[in-house]
Amino acid sequence: MLVILEATAGPATGRKIQVPEGSILRVGRTARSDYALGEDSYLSGQHFAIEYDGTHCRIRDLGSSNGTFVNGDRITDRIVQEGDSVGAGGSTFIVHIDSSSPIPEAPRVASAPTLKMPGPIGSEPAAPVPPRGHSDWPGFSRPQSVLLSALYREGESVYAMLDAVRDARIPAFLDASGERHARVDEENLASPFLVLVPPQSRLLDVLIKDGWSHGWGFYLAAAVDFESTLRHWRPFVTLHNRSGQTVTFRFWEPRVLRAIVAAMPSGEAADFFGPVSRLLVEGDKPEVAVEFTLAPGGVNQRTLAML
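Please read all numbers here as calculations on a predicted model, not as lab measurements. (Residues numbered from 1 in each chain as written. Predicted model: local features only at pLDDT ≥ 70, side-chain atom pairs only at ≥ 80, totals over all residues. Heavy atoms only, no water.)

To continue, consider the nonpolar core. Core analysis: the largest hydrophobic core is formed by 30 residues, its most contacted members being Tyr-152, Leu-162, Leu-204, Leu-207 and Tyr-219. At five residues, the largest contribution of residues to this core is made by helix H3 (residues 203-211). Formed by 27 residues, the second largest nonpolar core is a distinct cluster that contains Trp-252, Val-261, Leu-279 and Phe-292. (Core = buried A, V, L, I, M, F, W, Y, C linked by side-chain atoms within 4.5 Å. Buried < 20%, exposed > 50% of the residue type's maximum accessible area, 1.4 Å probe, protein only. Helix = DSSP H or I, 4+ residues; strand = E, 2+ residues; numbered from the N terminus.)

Shown next, in the form of structure tokens:
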């Protein structure tokens, strides 16, 4: 009998970790692990262990910095079943329990080179220089490069609005990235996080490869600093209805954002955009992005085909 942990999202996509009956396999970023995934820089050196005794398959976190998640819940030790989702570092794995296949030898993979990126920028955003082609975005596919080239322009800083309710790993990703970030409304736990994302940020690897088309949030461009951008969005998170009750306005959900922004009259759109020049959000298909810009008569909408 055999357990296979298949990477379906993130830097390790396509990897299949095979765990024969009666064995324990430690997975991490470095060669100190039994199975090294050097391409995932968000993994700890030894991140988690997977054990299969022929009856139960168990996942144990090995004191990792960013945590191990099963079906979205952060765990220290949990028995997993067929089809469960395991999140570690920037990668997501699906558990397959195969009772019919012969047991192959579990591969031991040497640490692969990791893309080197500069550290975080200072407290003030820098004006990014826009790359112009696929070759300027090493490690990204052509569709992903089209998206990134559309996102970054001269004289603007790029921010991401991210929903930790959607994926519980997001706060750990932000902390590990070193980029400047904060919860938009600290008093509302459902509030999204705002993060400044320079074009050299290693956080892009997770945001684009793992988060795009999974409803994590949206991107925005502005020529103002982090604090000004944060202050602009804070009043939109928690609103009051006619009865005086507080409600959370989840405008950062891609489906909600696409619907409300497209229908905004000019005055309402001007208030919503504020210092923001552009909004970029995933479309209803993974290969489609939608860009909104403010115009004198309301909002312009442009569909970008990521081909």
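Let us now look at the environment of Ser-213. Inspection of the secondary structure puts Ser-213 in the loop between H3 and strand S15 (217-222). Residue Ser-213 is classed as partly exposed on the basis of its relative accessible area, which comes to 33%. In sequence terms Ser-213 and Glu-282 are 69 residues apart; their C-alpha atoms lie 6.0 Å from each other. Apart from the residues within four sequence positions on either side, Ser-213 is in contact with Glu-282 and Pro-286. (Contact = heavy atoms within 4.5 Å.)

So, about helix H5 (residues 254-262). Note: α-helices contain 3.6 residues per turn, so residues at a spacing of three or four share the same orientation. Restricting attention to buried positions, one finds in H5 the residues Pro-254, Leu-257 and Val-261. Looking straight down H5, one finds that the buried residues subtend no more than 60° of arc, so they occupy a single side. Contacts from the buried residues of H5 go to S15, helix H6 (266-273), strand S18 (276-282), strand S19 (288-295) and strand S20 (298-305). (Arc of directions from axis to C-beta.)

Along the chain, the position of Gln-144 falls in helix H1 (residues 142-151). Taking C-alpha positions, Gln-144 is 8.8 Å from Leu-307, a pair spaced 163 residues apart along the chain. With sequence-adjacent residues up to four places away left out, Gln-144 is seen in contact with Ile-208 and Lys-209. A polar atom in the side chain of Gln-144 sits 2.9 Å from the backbone nitrogen of Ser-141. (Polar contact = N/O pair within 3.5 Å; in protein donor to acceptor, adjacent residues only side chain to side chain.)

Counting buried residues in strand S12 (residues 157-162) gives six out of six residues, a clear majority hidden from the surface. By the alternation rule, side chains of S12 split into Ser-157, Tyr-159 and Met-161 and Val-158, Ala-160 and Leu-162, which are all buried. Note: S12 against S15, six bridges, orientation antiparallel. Bridging across to S15, Tyr-159 finds its partner in Leu-220. (Pairing = 2+ DSSP bridges.)

Time to look at the pattern of salt bridges. Applying the stated rule across the entire model yields 14 salt bridges. Between Arg-153 and Glu-291 there is a salt bridge; the shortest N-O distance is 3.2 Å. Highlighted residues: Arg-153 in the loop between H1 and S12 and Glu-291 in strand S19, separated in sequence by 138 residues. By relative accessible area, which is 6% here, Glu-291 ends up buried. Glu-227 is the partner of Arg-180 in a salt bridge, and the nearest nitrogen-oxygen pair spans 2.8 Å. Here Arg-180, found in the loop between helix H2 (170-177) and strand S13 (181-183), pairs with Glu-227, found in helix H4 (residues 226-237); they are 47 residues apart in sequence, far enough to count as distant. The exposure class of Arg-180 is partly exposed, given its relative accessible area of 28%. One salt-bridge network, held together by shared partners, links Arg-153, Glu-156, Arg-278, Glu-291 and Arg-302. (Salt bridge = Lys/Arg side-chain N within 4 Å of Asp/Glu carboxyl O.)

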